[in-house]
Amino acid sequence: MRRILIGIKRVIDYNVRVRVRPDGSGVVTDGVKMSINPFDEIALEEALRIKERGAADEIVAISLGPEDTLQQLRTALAMGADRAILVRTAAAIEAPAIARALLKLVERESPTIVILGKQAIDDDCNQTGQMLAALWNRPQATFASKIEIDGEKARVTREVDAGLETIEVDLPAVITTDLRLNEPRYVKLPDIMRAKKKPLDVIELASLGVEAAPDLKVLKFEPPPQRQKGILVKDAAELVAALRHKGLV
């Protein structure tokens with residue numbers, strides 16, 4: 001079976017203003033709207049389009065996180081994923097452990113393609129896809145803005161500093177998505193109702209033989225400094241004088 005695995009991460013919705021807790025121990029999540037990481041939503045949408053073009057038979061959405069992450073996986077099922085798997089863990093988990101856990105699922109599911117968002121909007125690490133490809137010993141195509149499947153190969157247009165780069169990789173492979181790849185579809189009420197009948201399995205992280213022990217220790221969270229108020233100047237000379245006063249020129 002031609003199967004696509006999709007990584008889903010639960011993050012604070014991108015429309016919500018993130019607030020740091022008064023004691024600096026983290027960010028406020030109580031009562032805050034949570035959503036699928038936007039890059040992962042793009043990855044799922046692309047998988048759905050690949051399947052609609054007849055190049056895949058099944059889409060499996062996978063997430064690692066607490067029980068609450070089931071909500072985002074149900075959204076993925078409503079969008080069109082065929083089944084979902086939650087690797088349950090209450091511990092904070094970093095990219096290396098996530099990649100090792102995904103590798104265990106890759107070995108179990110034998111996918112043709114693994115599509116992940118290039119990064120999550122909460123930590124912006126941009127590491128998991130590359131780490132998974134290295135552990136799996138399979139090709140990777142990152143920052144995809146266009147994906148074409150041709151038999152046992154994928155042609156991927158990537159966004160790079162110099163513009164666009166097109167590469168061809170053998171399948172199976174890992175692909176990470178950029179923002180301009182597609183526009184994810186809206187979930188409709190009938191889709192939500194149908195999603196309730198789709199398989200959603202929950203397994204424990206420990207059952208995969210992966211430890212969630214973090215390699216980094218976060219000491220404190222701080223909000224960015226407030227932006228200084230701007231000033232109006234009459235001419236270029238006054239602008240230069242103001243910049244010189246601030247020590248910028």
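Going by the structure above, here's the rest.
Now for a look at the structure at hand. Residues take numbers from 1 onward in each chain, read along the sequence in its written order. Reporting in this predicted model follows two pLDDT cut-offs: at least 70 for local features of residues, and 80 or more for side-chain atom pairs to be given and counted; totals over whole chains, interfaces and linings ignore these cut-offs and use all residues. Values shown for side chains rest on all heavy atoms present in the structure; no hydrogens or waters enter the calculation.

Quick notes on the overall build of the protein
- Within the protein one finds 6 helices and 11 strands.
- Principal axes of the C-alpha set define a box for the protein whose edges measure 70 × 45 × 40 Å.
- Evaluated residue by residue, the protein yields a buried proportion of 42% over its 249 residues.
- Throughout, a contact is declared for two residues whenever any of their heavy atoms are within 4.5 Å. Of the contacts made within the protein by residues no fewer than 6 positions apart, 70% connect residues no fewer than 24 positions apart.
- As displayed, the protein offers around 14700 Å² of accessible surface, 52% of which is attributable to carbon and sulfur atoms.
- Distance between charge centroids for the protein: 4 Å, based on 37 positive and 37 negative side chains. Elements are defined by DSSP. Helices are runs of H or I of four residues or more, strands are runs of E of two residues or more, and each kind is numbered from the N terminus. The classification of residues rests on relative accessible area computed with a 1.4 Å probe and restricted to protein chains. Under 20% of the type maximum is buried, over 50% is exposed, and intermediate values are partly exposed. Here the Shrake-Rupley method, with its probe set to 1.4 Å, supplies the accessible areas, and only the displayed protein chains count as covering residues. Two residue types count as positive, namely Lys and Arg, and two as negative, namely Asp and Glu; His and chain ends fall outside the count. The location of each charge is read from NZ of Lys, CZ of Arg, CG of Asp or CD of Glu.

Description of the environment of Glu165
- Take Glu165: it is sitting in strand 9 (residues 163-170).
- Placed 21 residues apart in sequence, Glu165 and Ala144 show a C-alpha to C-alpha distance of 9.4 Å.
- If we skip the residues at most four places from it in the chain, Glu165 touches Val156, Thr157, Arg158 and Val160.
- In protein, a polar contact requires one atom able to donate a hydrogen and another able to accept it; more generally it is a pair of N or O atoms within 3.5 Å, and residues adjacent in sequence count only if both atoms are side-chain atoms. At 2.5 Å, the side chain of Glu165 forms a polar contact with the side chain of Arg158.

Re the sheet that holds strand 10 (residues 173-177)
- Overall, mixed pairing links the 9 strands, which are arranged 9-8-7-10-6-1-4-5-11 in an open sheet. The sheet is open, and its two borders are formed by strand 9 and strand 11 (200-204), each paired with just one other strand. The sheet shows a mean angle of 30 degrees between the axes of neighbouring strands, direction not considered.
- If DSSP finds at least two bridges between two strands, the strands pair. Bridge count for strand 1 (residues 3-7) against strand 6 (residues 113-117) is 3 bridges, and the pairing is parallel. Bridging across to strand 6, Leu5 finds its partner in Val114.
- Lying over the sheet, helix 4 (residues 128-136) contacts strand 6, strand 7 (140-150) and strand 10, oriented at roughly 175 degrees with respect to strand 10. Each axis is a line fitted through C-alpha atoms, taken for helices only over the stretch in contact, and angles between the N-to-C directions span 0 to 180 degrees.

A look at the packing of helix 3 (residues 95-109) against helix 4
- One can describe the packing of helix 3 onto helix 4 by two numbers: an axis separation of 9 Å at closest approach and a directional angle of 50 degrees. Relative to helix 4, helix 3 is oriented oblique. Pair helix 3 / helix 4 crosses with right-handed handedness. Residue-level contacts link Ala95, Pro96, Ile98, Ala99, Arg100, Leu102, Leu103 and Val106 of helix 3 to Thr128, Met131, Leu132, Leu135 and Trp136 of helix 4.
- Of the residues that constitute the contact of helix 3 with helix 4, the class distribution is 11 nonpolar, 1 polar and 1 charged. In these notes the angle categories are as follows: under 35 degrees is roughly parallel, over 145 is roughly antiparallel, 65 to 115 is roughly perpendicular, and the rest is oblique. Note: crossing handedness is left-handed where the near helix turns anticlockwise from the far helix by less than a right angle, and right-handed where it turns clockwise. Residues are grouped as follows: Ala, Val, Leu, Ile, Met, Phe, Trp, Tyr, Cys and Pro are nonpolar; Asp, Glu, Lys and Arg are charged; every other residue, Gly included, is polar.

Some words on the pattern of salt bridges
- Whenever Lys or Arg places a side-chain nitrogen within 4 Å of a carboxyl oxygen from Asp or Glu, that contact is recorded as a salt bridge. According to the stated counting rule, one finds 23 salt bridges in the structure shown.
- One salt bridge in this structure joins Arg2 and Asp57, with 3.0 Å as the shortest N-O distance. Of this pair, Arg2 sits in the segment before strand 1 while Asp57 sits in the loop between helix 1 (38-52) and strand 4 (58-65), placing them 55 residues apart in sequence.
- On the basis of relative accessibility, which here comes to 38%, the residue Asp57 falls in the partly exposed class.
- Between Arg83 and Glu109 there is a salt bridge, with the nearest N and O atoms lying 2.5 Å from each other. Of this pair, Arg83 sits in strand 5 (residues 83-88) while Glu109 sits in helix 3, placing them 26 residues apart in sequence. The pair Arg83 / Glu109 is uniform in exposure class, with both members buried.
- Several salt bridges converge on common partners, so that one network encompasses Arg3, Glu58, Arg83 and Glu109.

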